[in-house]
Structures are given as structure tokens and as C-alpha cells.
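Read off the chains here:
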Amino acid sequence: MQRYFGKTVVIKYGGNAMVDEALKYHFAQDMVLLKHVGINPVIVHGGGPQIGGMLNKLNIESRFYQGMRITSAETMDIVEMILSGKVNKEIVGLISKSGGQAVGLSGRDANLLNAEKLTIEGEDIGQVGDVTTVNTSVLDALKDFIPVIAPVGIGKGGQAYNINADIAAGSIAAALKAEKLLLLTDVEGILNEAGERISSVTLNDIHDMTKRDIIKGGMIPKLKGAIDALSAGVSKVHIIDGRLKHSVLLELFTDAGIGTEILNG
Ligand SMILES: Nc1ncnc2c1ncn2[C@@H]1O[C@H](COP(=O)(O)OP(=O)(O)OP(=O)(O)O)[C@@H](O)[C@H]1O
Ligand SMILES: [Mg+2]
């Protein structure tokens, strides 16, 4: 534990890994434990399944392009309501129940995540944003609390942008020069063509696997988040299985080698 004392660990809490009630509570307890032992967890959450569920109820179709949700103005309203309202406050509530003090924020608060419209390969995917700059002053001001961040960015005109949570987490880890970036998800880690977990990969391996369509969909933005973090000096990026009880503690404090470690190179 001493290794991480006073250090910042950015944790991307995946929407798919936060559907099970017991796991959600364990996750919140783990965050409180980290804070108690002098580590600063910064949580960035997703909410894919929760957004999808609400859009379904409203008969709005979910469509994705390279793992990013195509976001019309109408969809953006739902995305923000679910992320900043429902999911964010639920995590804050669970941390409170576990004896900790969390503050829920969105990237729109205090210009935390400045964003501009993202276009991929010339495609217009609506109000999806890319992070231009991160203003960490609000996080510095909240250092005694556990920040829980919804990945909604703010444009120059104050408008909301839907930002993939992996990308948001990568840029926040980069801006904070975090010790580690942990991306919790709903698979064991990066899987190879045979469906087996790869324990360690380089960015080059990942580029190759993406070209060969082995890495696709929701795994693609994790790659971008990892690149942003690693190139800013974050020493370690891990994709871990959020379905495992206490996965964050297992990764930080044991040599069990869960998940996939992403290495520069
Ligand atoms: N090579 C691969 N190895 C593992 N998973 C992969 C791979 N290629 C694509 N995937 C997909 O990526 C998914 C994880 O990303 P996804 O966006 O669905 O969830 P998340 O990022 O954990 O949650 P959220 O998007 O809600 O924040 C896996 O469930 C899997 O279907
Ligand atoms: Mg995702």
C-alpha cells in the first residue's frame, strides 16, 4: 500500500461492470478504503447499458460508430440525464453508504473537460466530443473528497458533448499525471482471436490487432485513452475485469496479474 501513498489512481468504472448490485457496493467500499489509506482515487464512469436501457424505453434506437454512440441532440439530453443524474449520483450514494465522501461532477463543471466535436474518418456522429483540454483545478480543490466524474464535456459555447468514458478517463489521468489508469470492463481484459486473455500488450500490438479486427467496438476507445495516458507519463494502464469482486484491490495490491497491462512501445 505504501507504494501508492499520496498517489492518484484514475479508475474508469464501466457501465457494463456496474449493473450487479453486490459488485457496485463492493466497488464503492474499495474506493473508500483507498481514500482511507492515503491513495487518491478519481472515478470516471461510463453508462452504456443504462443509456441504452432508457433510449429503449423511449423507442430511440442506439447506434454506434467504432464504439462511439452516435448522439443526436435528443439523444444527448438522455445521455446527460442518465450519466450526470442517475449513474453519477448512484455511485456517490453508494460511496456515502460505505462511509466515504464523494462529490459528483460532470466534465461540464468548472470546465473540467473542455471538448470539441469529434469526427472520425469524416463521419458526422453528432454531439460526440473529443477532449481538448482538462482543467483540473476543481479536482485540486476537492482533494479531501472522492471525485466521481460523468464523461460529459463542455464546448466553447457551453454546450454538452458526449465523451466516451475511456477517453475522458485517459485525458484526466494524463492531466493529473496519475500513477495508474485502471479501466474496469465486462471482459477479462483484451482477448486474442482465440478469446483468451492477453496479460500484457504494447501499443503496437494493439494497433495491429485493431487493423485485424480482433480489437473492435467498445475496446477501441480504451486504446485511445491508454495512448493519451501513457504518452503523458502515466506509468501504468490496466484493463481489468470489473465483474470480479474487489478487482481494483486485486490489481493494485497483489501480484495476481489480473486483466491486461498496456505498455508503451
Ligand atoms: N479484443 C477484444 N477483447 C475484449 N473485448 C473486446 C475486444 N474487442 C471488442 N471488445 C468488446 O469491448 C467491450 C467492452 O467495451 P464496452 O464499451 O462495451 O464496455 P465498457 O467500456 O466497459 O462500459 P461503458 O461503455 O458503459 O463505459 C467488451 O464487452 C467486448 O464486447
Ligand atoms: Mg465503453
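Criteria and thresholds
Residues numbered from 1 in each chain as written. Chains lettered and ligands numbered in written order. Predicted model: local features only at pLDDT ≥ 70, side-chain atom pairs only at ≥ 80, totals over all residues. Heavy atoms only, no water. UniProt positions renumbered as here; feature names shortened; annotations may be inferred. Near = heavy atom within 4 Å. Polar contact = N/O pair within 3.5 Å; in protein donor to acceptor, adjacent residues only side chain to side chain. Areas by Shrake-Rupley, 256 points an atom, 1.4 Å probe, with all protein chains shown as cover. Helix = DSSP H or I, 4+ residues; strand = E, 2+ residues; numbered from the N terminus. Nonpolar A, V, L, I, M, F, W, Y, C, P; charged D, E, K, R; others polar. 1 Å grid on protein atoms, 1.4 Å probe; cavity = no way out; pocket = protein on both sides within 12 Å on 5 of 7 lines; lining within 4 Å. Points joined across faces, edges and corners; volume = space filled by probe spheres on them. Phe/Tyr/Trp six-rings, centres within 6.5 Å; stacked < 30°, edge-to-face > 60°. Buried < 20%, exposed > 50% of the residue type's maximum accessible area, 1.4 Å probe, protein only. Core = buried A, V, L, I, M, F, W, Y, C linked by side-chain atoms within 4.5 Å. Contact = heavy atoms within 4.5 Å. Pairing = 2+ DSSP bridges. Axes fitted to C-alpha atoms, helices over the stretch in contact; angles between N-to-C directions.

- The name given to the chain in an unreviewed UniProt entry is acetylglutamate kinase, and the organism recorded there is Ranatra chinensis.
- One UniProt comment on the chain, placed under Pathway (unreviewed entry), says "Amino-acid biosynthesis; L-arginine biosynthesis; N(2)-acetyl-L-ornithine from L-glutamate: step 2/4."

## Focus on the site of ligand 1
Thinking step 1. Among the 22 residues in the neighbourhood of ligand 1, the closest are listed as Gly48, Thr185, Asp186, Ile214 and Lys222.
Thinking step 2. For ligand 1, a nitrogen atom lies 2.8 Å from a polar atom in the backbone of Ile214.
Thinking step 3. Relative to its free-state accessible area of 640 Å², ligand 1 is covered by the protein chains to the extent of 79%.
Thinking step 4. Among the secondary structure elements, those contributing two or more residues to the shell around ligand 1 are α2 (48-57) and β11 (180-185).
Thinking step 5. A per-class count over the shell around ligand 1 returns eight nonpolar, nine polar and five charged.

## Describing empty space enclosed by the protein
Thinking step 1. Applying the stated rule across the entire model yields three cavities of 30 Å³ or more.
Thinking step 2. Its boundaries defined by the atoms lining it, the largest cavity holds a volume of some 70 Å³.
Thinking step 3. Lining the largest cavity we find 13 residues, and of these Leu23, Phe27, Gly242, Leu244 and Ser247 sit closest to its centre.
Thinking step 4. Looking at the lining of the largest cavity, the elements that each hand over two or more residues are α1 (21-36) and α8 (247-253).
Thinking step 5. Per-element tally for the lining of the largest cavity: the top contributor is α1, with four residues.
Thinking step 6. Here the residues of the lining of the largest cavity sort into seven nonpolar, four polar and two charged.

## Quick word on the packing of aromatic side chains
Thinking step 1. Summed over the entire model, instances satisfying the criterion amount to two aromatic pairs.
Thinking step 2. Between the aromatic rings of Tyr4 and Phe253, the centroid separation amounts to 6.2 Å while the plane-to-plane angle is 75°, which identifies the pairing as edge-to-face. Note that Tyr4 is positioned in the segment before β1 (8-13) and Phe253 in helix α8, a separation of 249 residues in sequence.
Thinking step 3. The exposure class of Phe253 is partly exposed, given its relative accessible area of 26%.
Thinking step 4. When the centroid spacing of 3.7 Å and the interplanar angle of 5° are considered together, the rings of Tyr13 and Phe27 count as stacked. Highlighted residues: Tyr13 in strand β1 and Phe27 in helix α1, separated in sequence by 14 residues.
Thinking step 5. On the accessibility criterion, Phe27 (5% relative accessible area) is buried.

## Side note on the layout of surface pockets
Thinking step 1. Considered as a void within the structure, the second largest pocket measures approximately 240 Å³ in volume.
Thinking step 2. Lining the second largest pocket are 18 residues, and of these His238, Glu251, Thr254, Asp255 and Gly257 lie nearest its centre.
Thinking step 3. Looking at the lining of the second largest pocket, the elements with two or more residues in it are β13 (236-241) and α8.
Thinking step 4. Considering every element that reaches the lining of the second largest pocket, the biggest residue donor is α8, with three residues.
Thinking step 5. Each residue belonging to the lining of the second largest pocket can be placed in one class, and the counts come to five nonpolar, six polar and seven charged.

## Regarding the nonpolar core
Thinking step 1. In terms of nonpolar packing, the biggest core is built from 43 residues, with Val10, Leu181, Ile190 and Ile262 touching the most fellow members.
Thinking step 2. With five residues, helix α5 (residues 165-176) is the single largest residue contributor to this core.
Thinking step 3. Other than its neighbours up to four places away in sequence, Leu181 contacts Val10, Ala169, Gly170, Ala173, Gly225, Ala229, Val234, Lys236, Val237 and His238.
Thinking step 4. Val32, Leu34, Ala102 and Val148 belong to the second largest nonpolar core, which has 38 residues in total.

## Points about the sheet that holds strand β12 (residues 200-202)
Thinking step 1. Taken in spatial order, the eight strands of this open sheet run β5-β8-β2-β1-β11-β13-β14-β12, and their pairing is mixed. The open sheet has two free edges, formed respectively by β5 (102-106) and β12, since each of these has just one partner strand. Going from strand to strand, the sheet's axes swing by 20° on average, the running direction of each strand aside.
Thinking step 2. Packed onto the sheet, α5 meets β1, β2 (40-45), β8 (146-150) and β11 and runs at close to 175° relative to β1.

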